[in-house]
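# Architecture at a glance
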Amino acid sequence: AERLFAERGYAATTTLQVAAEADVAEGTLFRYAGTKPELLLMVINEHLRPLVDLSVDAQANDPVDEILLLLGPLISLAESQPDNAAPFLREVLFGEDGPERDESLAIVDRMIARIGTILAPHLDGDVDMTLDEVAHWVFSALVSELLRDVVGRTDGGGDRQLVLRTRVRVQ
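Presented here is an overview of the structure given in this document. (Residues numbered from 1 in each chain as written. Predicted model: local features only at pLDDT ≥ 70, side-chain atom pairs only at ≥ 80, totals over all residues. Heavy atoms only, no water.)

### As for the packing of helix H5 (residues 63-70) against helix H10 (residues 160-170)
The N-to-C vectors of H5 and H10 enclose an angle of 125 degrees; their axes lie 10 Å apart at closest approach. Overall, the two elements H5 and H10 adopt an arrangement that is oblique. Of the two elements, H5 crosses H10, and the hand of that crossing is right-handed. Two secondary-structure elements touch here, H5 through Val64, Asp65, Ile67 and Leu68 and H10 through Gln161, Leu164, Arg165, Val168 and Arg169. Counted by class, the contact of H5 with H10 contains five nonpolar, one polar and three charged residues. (Axes fitted to C-alpha atoms, helices over the stretch in contact; angles between N-to-C directions. Helix = DSSP H or I, 4+ residues; strand = E, 2+ residues; numbered from the N terminus. Parallel < 35°, antiparallel > 145°, perpendicular 65-115°, else oblique. Left-handed = near helix turned anticlockwise from the far one by under 90°. Contact = heavy atoms within 4.5 Å. Nonpolar A, V, L, I, M, F, W, Y, C, P; charged D, E, K, R; others polar.)

Given below as structure tokens:
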């Protein structure tokens, strides 16, 4: 599934093709992932989990750099597999409950908690939001920007890193 999704994209890959590639019956495939969306989540979670764990351990001197480093796995997914990034994020946000979605949500929760930790020393008393609300807002804004780019709603001529860096700094 990982190779087929990367080569053809999520929408163009069928579960029958994945089963044939894995040399198993389609029914056997569904014993591991109950639906095609769960299969996508499984594949992307496998990719994101170690990268998020590494980026959580990494630190930068600048909070903007640290947040972009933390979100690097999602940025990388959007850049390297745009046909899979939007369906992945859609399933994480709006998909049906299941073990792979639960894991995806846990990964997102870890990223948001880390954003809060990064931002905590830089917030002053003038902010009328909790630290958790601020962290969610920053994460949501950056994911929205990535999705805009993935679905072609930006001009494509800009430097993605510069745009994201500017968004984080403004926020």
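### Quick notes on unusual backbone geometry
Phi is positive for Asp23, close to 60 degrees, though the residue is something other than glycine. Positionally, Asp23 belongs in the loop between helix H2 (15-22) and helix H3 (26-32). Owing to a relative accessible area of 71%, Asp23 belongs among the exposed residues under this scheme. (Buried < 20%, exposed > 50% of the residue type's maximum accessible area, 1.4 Å probe, protein only.)

### Concerning the side chain of Asn84
One can find Asn84 in helix H7 (residues 82-94). Within the structure, the side chain of Asn84 is placed 3.0 Å from the backbone oxygen of Phe5, a separation counted as a polar contact. If we skip the residues at most four places from it in the chain, Asn84 touches Phe5, Ala6, Gly9, Tyr10 and Leu40. (Polar contact = N/O pair within 3.5 Å; in protein donor to acceptor, adjacent residues only side chain to side chain.)

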